[in-house]
Amino acid sequence: MDKVMKSADISAERILEWGEERKIDTCFERAEKLKPCPIGETGACCKVCHMGPCRLVGKNAEEEGRGVCGAQLPTIAARNLVRMIAGGTAAHSDHARDMAMTLLAAATGEAKDFKITDVKKLYRVADIIGIEFEGRPVNDVAKDVALKFIEDFGRQNGEINYAKRAPKKTLERWRKWGIVPRGIDREVVEAMHRTSVGVDHDPDHLLTHGLKTALADGWGGCMVSTDITDILFGTPRPVKAEASFGIFKEDEVNLVVHGHEPTLAEIIVDVTYDPKIIEYAKSRGAKGINLGGMCCTANEVLMRHGIPTAGGFTNQELGIMTGLVDALTVDVQCIMPAIAELSKKFHTKIITTSRKAMIPGAVHVEYDEHNAREIAEKIVRMAIDNYPNRTKQGSHITDKFPVIAGFSHEYIEYMQGGRWRGSFRPLNDAIMAGRIRGVVGLAGCDNPRVPSQGLHRYLAIELIKNDVLIVSTGCGSAACGTAGYLTPEMALENAGPGLREVCEAIGIPPILHLGACVDNSRILTIATAMAAEGGLSDEIGGMPAVGIAPEWMSEKAIAIGCYFAASGVPVIFGGESPVGASKEVTKIMTEVWFERFMGALHFEPDPEKMLAMTLDYIDKARANLKLRKYEPGKFGAERVLMDMAARREIERAAAPHAGVGGINESEN
Ligand code: NFS
């Protein structure tokens, strides 16, 4: 029998084999040794008080099972899911809070190393949230924008700022069902309260609040974070980069930024270009400084600066095992504590930087936005100082692939018509004509419990073969990038005939990398723009669009899945359902949510079934919208609204050796 692969990534698999020979443990071995508890895995375990934990198992558990307090299985499963949503929302939104605080400190001059980079985006955002901007100093506008967003966290009543950014009909559904978030913190706290012992016991009522909390994540935390990051560091536009372990260089200092927050990483990017720092690296025997990323901090600096990525979640230990990483700085979220222990077998220095997150065994250099450059310099110097300690220990396995990333909402609009005629008309027309069958958001983590990255890659290839345009984020993007899928050539080789034509005409890959997980908010605003453009659905619900997260593992993924469902997008997650023990909860999330919001959250471990469900949702939406029936290679007429200048810009961006292409800040 063939050996079962742990990772679908060939380089990852080779590093794992190298590690196995030396008995070096990773998440892959730990996942094998530690099987999930079958009771907790399906949501049937309640541990919200200490009369339990109560495990509701057995054939009739749904009807007859009771916890010590009398709680039934649907209540317990619903509570478990709502707590996951609250955890995910808290993570994204606390990150967003810090972004808002940085914007405020930049605007008031307290954070001297930060400035407003994208003034046009600032004005666009100010306009949406009702801040006067014309004729005012930029920093005054930025201060008011920051303060208005900070209100979103602590507001007790009313609606979060960006609720009104949703299509009118979508917002009406939310108002009808009482799920427009008031304030982000309020919804998270209420979720924790309602799921504590002896409070809310009605599964539907609980899950409705779960959706309200999730919307506070999507249209609150995530969207606020994306927009402030664009304002501070620039709105992404196509950029060339590279992915996989080959981004590490044998003769340069390899410093990796890992985690989720872009602020310190942005300053580190800048420091690595400082001639005095480069000179310092040379004085320690290196040819230069090579910055790389992992997980979503990687996505943030990849999108804006073309900093290469070593990949997503399951690659973090393997990166260290190359033996080439001199320092790995981590901020928050998705950082395996195992890296501190693992790093002792190599020369890698692990540096924690957030005041919220420490790991025993790591060095802590605390980031403070008021003193960012000094701290960034200290970190880069630590990496340089560690370069001479590099030994031969390590797999030294290095392959890499080219990547085109940087597809923001603004750029996607621009690429469909140029500076003056940017719109979503061509995309809507291509969908109406059947050239593009539908759109899929491919997101979420990679997971050592499946051949990691494999489900992302399988679904990505099959979907583009079926003329489905993919927008990807987070570790979904990383899994595609480290396989070489994020290039325009991918369309020529693998896309169906309609999608291939569209990609060739514009010069884009069939998988558009939209950024980090918080940038799933870009998918919400793109769907909103498509609804406003006309010809498809006039709300997010009903679009031939589906969200998938085949390898999810984080609570953040659950929050994202739920805010897409509440916004009107059917969502299909891989793996076992964390509420699979309860038929009632499953029915609410699939059938009841679909009736109310035109979205749903499914769990389907079989990737072939995931694919079939995705295409089925898309085709049914096309039929309901009375669009031309999708047939490969047969299209209706469509208008093309691309001006030559725009096309040239995009071709330049996607061409080999091109630098940053497309719009510049003033056109953004
Ligand atoms: Ni998203 Fe980014 Fe990756 Fe999953 Fe973690 S890195 S925020 S949670 S593992 S996609």
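Since the structure is predicted, the reported quantities are computational estimates derived from the model, not experimental observations.

1. Side note on the overall build of the protein
In terms of regular secondary structure, the protein is built from 28 helices and 15 strands. Expected size for 668 residues packed as a compact globule is a radius of gyration near 26 Å; at 24 Å, the protein falls within 12% of this value. Its C-alpha atoms give the protein principal-axis dimensions of roughly 70 × 60 × 60 Å. Buried residues in the protein amount to 64% of all 668 residues. Accessible surface for the protein amounts to roughly 24300 Å². Of this, 53% is attributable to carbon and sulfur atoms.

2. Things to note about the pattern of salt bridges
For the coordinates displayed, the defined rule picks out 47 salt bridges. Asp227 serves as the salt-bridge partner of Lys121, at 3.0 Å between the closest nitrogen and oxygen. Of the two residues, Lys121 sits in helix H6 (residues 119-129) while Asp227 sits in helix H10 (residues 203-233), which places them 106 residues apart along the sequence. Taking relative accessible area as the criterion, Lys121 reaches 3% and is therefore assigned buried.

3. With respect to the pairing of strand S10 (residues 438-442)
For S10, the tally of buried residues reaches five of five residues, placing the bulk of the element in the interior. Burial of S10 is two-sided: the residues Gly438, Val440 and Leu442 facing one way and the residues Val439 and Gly441 facing the other way are all buried. Relative to strand S11 (residues 468-473), S10 runs parallel, the two being bridged by five bridges. Bridged to Gly441 within S11 is Val471. Note on the crossover from S10 through helix H20 (residues 454-465) to S11: the handedness is right-handed. Relative to strand S13 (residues 545-549), S10 runs parallel, the two sharing four bridges. For Gly441, the partnering residue across the bridge sits in S13 and is Gly547.

4. Description of the sheet that holds strand S15 (residues 600-603)
Ordered by their spatial adjacency, six strands build an open sheet running S12-S11-S10-S13-S14-S15, and the pairing between neighbours is parallel. Strands at the two margins of the open sheet, each flanked by one partner only, are strand S12 (511-515) and S15. When strand polarity is set aside, the average angle formed by the axes of neighbouring strands in this sheet is 20°. Its contacts with the sheet place helix H21 (residues 474-481) against S10, S11 and S12, and it is angled at close to 110° to S11.

5. Things to note about a nonpolar patch on the surface
A cluster of nonpolar side chains, namely Met51, Val68 and Val197, defines an oily patch on the protein surface of about 270 Å² accessible area. Relative to the helices and strands, Val68 is located in the loop between helix H4 (61-64) and helix H5 (73-107). You can call Val68 exposed: its relative accessible area is 55%.

6. A word on the site of the ligand
Taken together, His260, Cys295, Cys296, Phe313, Cys334, Gly444, Cys445, Cys475, Cys517, Met553, Ser554 and Lys556 are the residues near the ligand. Broken down by class, the residue content of the shell around the ligand amounts to eight nonpolar, three polar and one charged. Counting the residues that make up the shell around the ligand, at least three belong to each of domain 3 (245-389) and domain 4 (404-624).

7. Focus: the nonpolar core
Val145 and Trp593 are the most contacted members of the largest nonpolar core, which has 177 residues in total. Take this core: its biggest share by element is 15 residues, from H5. Leaving out residues up to four positions away in the same chain, Val145 has contacts with Leu103, Leu122, Val125, Ala126, Ile129 and Ile131. In this structure, Cys27, Met294, Val330 and Ile339 belong to the second largest nonpolar core, which totals 33 residues.

8. A closer look at the side chain of Thr208
Residue placement: Thr208 occurs in helix H10. In this structure Thr208 touches Trp177, Ile179 and Arg596, once residues within four positions along its chain are discounted.

9. As for the domain arrangement of the protein
Under the domain assignment used here, the protein contains domain 1 (10-64), domain 2 (73-233), domain 3 (245-389) and domain 4 (404-624). For domain 3 versus domain 4, the distance between C-alpha centres works out to 31 Å. Across the boundary between the two partners, domain 3 contributes 16 residues, which contact 22 residues of domain 4. Carbon and sulfur atoms make up 65% of the surface buried where domain 3 meets domain 4, a total of about 1300 Å² over both sides. Connecting domain 3 to domain 4 are zero salt bridges. Counting across the interface, domain 3 meets domain 4 through eight residue pairs in polar contact (both at pLDDT 80 or more). Class assignment for the residues of the side of domain 3 that touches domain 4 results in seven nonpolar, seven polar and two charged.

10. Quick look at unusual backbone geometry
For residues other than glycine, phi is negative in most cases, and the peptide bonds are mostly trans. Of the consecutive residues Gly52 and Pro53, the connecting peptide bond is found in the cis state with omega at 5°. With respect to the helices, strands and loops of the structure, Pro53 is situated in the loop between strand S1 (45-46) and strand S2 (54-55). In the Ramachandran plot, Cys295 falls in the positive-phi region, its phi being about 55° despite a non-glycine side chain. For Cys295, the location among the structural elements is in helix H13 (residues 295-305). The backbone of Asp467 sits at a positive phi, close to 65°, despite the residue not being glycine.

11. Points about the state of the cysteines
One pass over the full model with this rule turns up zero disulfides. No disulfide involves Cys49; its sulfur sits 6.2 Å from the nearest other cysteine sulfur, which is in Cys54. By relative accessible area, which is 24% here, Cys49 ends up partly exposed. For the unlinked cysteine Cys503, the closest cysteine sulfur is that of Cys480, found at 13 Å. Overall, the relative accessible area of 2% leaves Cys503 in the buried class.

12. Here's the deal with the layout of surface pockets
What the largest pocket holds in volume is close to 1200 Å³. Forming the boundary of the largest pocket are 33 residues, of which Pro36, Glu41, Asn447, Arg449 and Met553 lie nearest the centre. At the level of elements, helix H2 (27-33) and helix H3 (38-41) are the ones that each hand at least two residues to the lining of the largest pocket. Per element, the largest residue contribution to the lining of the largest pocket is five residues, and it comes from H2. Each of domain 1 (10-64) and domain 4 (404-624) accounts for three or more of the residues forming the lining of the largest pocket.

13. Some details on the sheet that holds strand S7 (residues 349-352)
With respect to topology, five strands assemble into an open sheet ordered S5-S4-S6-S7-S8, the strand pairing being parallel. In this open sheet, the two strands that pair with only one neighbour each are strand S5 (289-294) and strand S8 (363-364). Those strands touched by H13 are strand S4 (253-259) and S5, and its axis lies near 110° from that of S4.

14. Focus on the confidence of the model for the protein
Across the protein, the average pLDDT comes to 94, with 94% of residues at 70 or higher. Here residues 654-668 scores under 50 on pLDDT; set against residues more than four positions off or in separate chains, the count is 42 contacts.

15. Let's talk about helix H9 (residues 184-194)
When we look at burial in H9, the residues that qualify are Ile184, Glu187, Val188, Glu190, Ala191 and Arg194. Buried residues of H9 fall within an arc of 165° about the axis and therefore sit on the same side. Where H9 is buried, its residues touch H5, helix H7 (138-154) and H10.

What counts as what
Per-chain numbering applies: the sequence of each chain, read as written, is numbered from 1 onward. The predicted origin of the model limits local features to residues at a pLDDT of at least 70 and limits the giving and counting of side-chain atom pairs to 80 or more, whereas totals for whole chains, interfaces and linings rest on all residues. For the side-chain quantities, the full set of heavy atoms in the structure was used; hydrogens and water were omitted. Per the convention used, a helix needs a DSSP run of H or I reaching at least four residues, while a strand needs a run of E reaching at least two, with both numbered from the N terminus. Two things to know: the radius of gyration comes from C-alpha atoms, and the globule rule equals 2.2 Å times the number of residues to the power 0.38. Residue burial is assigned from relative accessible area. The probe radius is 1.4 Å, only protein chains are included, and a residue is buried under 20% of its type maximum, exposed over 50%, and partly exposed in between. Note on areas: these come from Shrake-Rupley sampling with a 1.4 Å probe, and a residue is covered only by the protein chains present in the view. A side-chain nitrogen of Lys or Arg and a carboxyl oxygen of Asp or Glu constitute a salt bridge if their distance falls within 4 Å. In this analysis, strands are considered paired if DSSP registers two or more bridges between them. Handedness of a crossover is defined as follows: with both strands directed away from the viewer, a clockwise route from the first strand across the helix to the second makes it right-handed. All axes are obtained by fitting lines to C-alpha atoms, using only the stretch in contact for helices, and the reported angles, taken between N-to-C directions, cover 0 to 180 degrees. Contacts between residues were defined by any pair of non-hydrogen atoms, one from each residue, lying within 4.5 Å. Think of a patch as exposed residues, more than 30% relative accessible area, with no salt bridge, where like charges cluster within 9 Å and nonpolar side chains (Val, Leu, Ile, Met, Phe, Trp, Tyr) cluster within 5 Å. We define proximity as follows: a residue is near a molecule or strand when any one of its heavy atoms falls within 4 Å of that partner. Classification convention: Asp, Glu, Lys, Arg as charged; Ala, Val, Leu, Ile, Met, Phe, Trp, Tyr, Cys, Pro as nonpolar; all other residues, Gly among them, as polar. Domain boundaries shown here were taken from an automatic or database domain assignment. By convention a nonpolar core is built from buried Ala, Val, Leu, Ile, Met, Phe, Trp, Tyr and Cys residues, the set being connected through side-chain atoms within 4.5 Å. What counts as buried area is the accessible surface, traced by a 1.4 Å probe, that two parts surrender upon association, with contributions from both included. Pairing of N or O atoms within 3.5 Å defines a polar contact, subject to two protein rules: one partner must be a possible hydrogen donor and the other a possible acceptor, and residues neighboring in sequence count only if both atoms are side-chain atoms. Disulfides are defined as cysteine sulfur pairs within 2.5 Å. Using a grid of 1 Å spacing that covers the protein atoms alone, one calls a set of points a cavity when a 1.4 Å probe fits there but cannot get out, and a pocket when the set is open and has protein on both sides within 12 Å along at least five of seven lines; lining residues are those with an atom within 4 Å of a point. Grid points are joined across faces, edges and corners, and a volume is the space filled by probe spheres set on the points. The quantity called pLDDT is the predictor's confidence in a given residue, expressed from 0 to 100. Our arc is simply the arc of the directions from the helix axis toward the C-beta atoms.

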